[in-house]
Amino acid sequence: MVAAPSLVEDILRLKKERNAVILAHNYQTRDIQEIADFVGDSLGLAYKAKETSADVIAFCGVHFMAETAKIVNPGKTVVLPDADAGCSLEQSCPGPQLEAFLKANAAKNYYVIAYINCSAHVKALSDCICTSGNAVKIVQAAPPDRPILFVPDQNLGSWVMEQTGRKMDLWKGSCYVHVEFTRDSIQAIKDQHPGAQVVAHPECTYAVRMLADEVCSTEKMVAYCRDHLSDTFIIVTESGMLHRLEREVPGKRFIPVPTGHCACADCRYMKLNTLQKLRDALRDLKPHVEMPEDIRARAEKPLLRMLELSR
Ligand code: 13P
Ligand code: SF4
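Scoring rules and cut-offs
- Residues numbered from 1 in each chain as written.
- Chains lettered and ligands numbered in written order.
- Predicted model: local features only at pLDDT ≥ 70, side-chain atom pairs only at ≥ 80, totals over all residues.
- Heavy atoms only, no water.
- Near = heavy atom within 4 Å.
- Nonpolar A, V, L, I, M, F, W, Y, C, P; charged D, E, K, R; others polar.
- Helix = DSSP H or I, 4+ residues; strand = E, 2+ residues; numbered from the N terminus.
- Buried < 20%, exposed > 50% of the residue type's maximum accessible area, 1.4 Å probe, protein only.
- Contact = heavy atoms within 4.5 Å.
- Polar contact = N/O pair within 3.5 Å; in protein donor to acceptor, adjacent residues only side chain to side chain.
- Axes fitted to C-alpha atoms, helices over the stretch in contact; angles between N-to-C directions.
- Left-handed = near helix turned anticlockwise from the far one by under 90°.

**Regarding the site of ligand 2**
By nearness alone, every residue bordering ligand 2 is listed as Tyr27, Val62, Cys87, Ser88, Leu89, Asn117, Cys175, Tyr176, Glu203, Cys267, Tyr269 and Met270. Looking at the shell around ligand 2, its residues break down into 9 nonpolar, 2 polar and 1 charged.

This is the structure in structure tokens:
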């Protein structure tokens, strides 16, 4: 999609007037990625949000990512283009439900590791946060004498168990996009492109991960495809990732995988964001992220622990 020049000019002017920084996730549309100051995975975006000296963070991603930016840098105004940009993983683990579960299982003395795709309330109930980029490291750093409860993604959780050998109790959440990739759909594309490398996100199911040459976060996909000798890659994650790869790894071929509900594996939440909504958010400074200070302060601790551990 080619962005209207006046819209791009408006955004750049407003960005300057507001002293704003535009952060975008790898799943955003090409036009948003092109206008952003930084494009990355959840981990890279959390670091950028914490370190920025801008007054306003315009976060093009989903709500939990913008909320994370506010938690680690509360003095900033954090706006997002569409307040309805949620996440099926976040929805699968409501804070009150986790709170009740931990109360009912208090005797277990769980060490709770929460995938960053969750609400501030869930983060506030956790001991440490992780992303797909550092989950193995975070689990390896967990106290050896306490049982781990891993929330909310059962697929990322089982992949981490495979990698570390550490047993964990898993919350039964999943990403509605990644669980739609099937063994058969990947195999069919592999058959059409013999020799192509299959690169999958750890939110995919075990059956799909088994067919992958590499399982990693969206950021690590960029380095893997750049450094690998192969020139063709089957990309088993959300469609926006292909824009990032095509921009940063020119000359190689990236093949998307359709899901049952979508020819190109779009996340309906990520795709709610548009340049128009970004312009409006910078102009109106809303929608913006707010939360009770006690929740923010409690959620900040396990997030800072994560940032410290993954340096
Ligand atoms: P990454 O941190 O690997 O970018 O993953 C975020 C996400 O939402 C995957 O669906
Ligand atoms: Fe959430 Fe899945 Fe969308 Fe990522 S792709 S934001 S995990 S629904």
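**Observations concerning the environment of Thr218**
Position of Thr218 relative to the elements: it lies in helix 12 (residues 218-227). Of the residues examined, Thr218 reaches a relative accessible area of 2% and is grouped as buried. Taking the C-alpha atoms as reference points, Thr218 and Gly86, 132 residues apart in sequence, are found 19 Å from one another. With residues near it in sequence (within four places) discarded, Thr218 still touches His25, Asn26, Tyr27, Asp41, His201, Thr237 and Met241. A polar contact is formed between the side chain of Thr218 and the side chain of Asn26, at a distance of 2.8 Å.

**Let's talk about the packing of helix 12 against helix 13 (residues 241-248)**
Contact geometry for helix 12 and helix 13: axes closest at 10 Å, N-to-C directions at 35 degrees. Crossing of helix 12 against helix 13: the hand is right-handed. Residue-level inspection shows Thr218, Glu219, Met221, Val222, Cys225 and Arg226 of helix 12 in contact with helix 13, the latter providing Met241, Arg244, Leu245 and Glu248. By residue class, the composition of the contact of helix 12 with helix 13 is 5 nonpolar, 1 polar and 4 charged.

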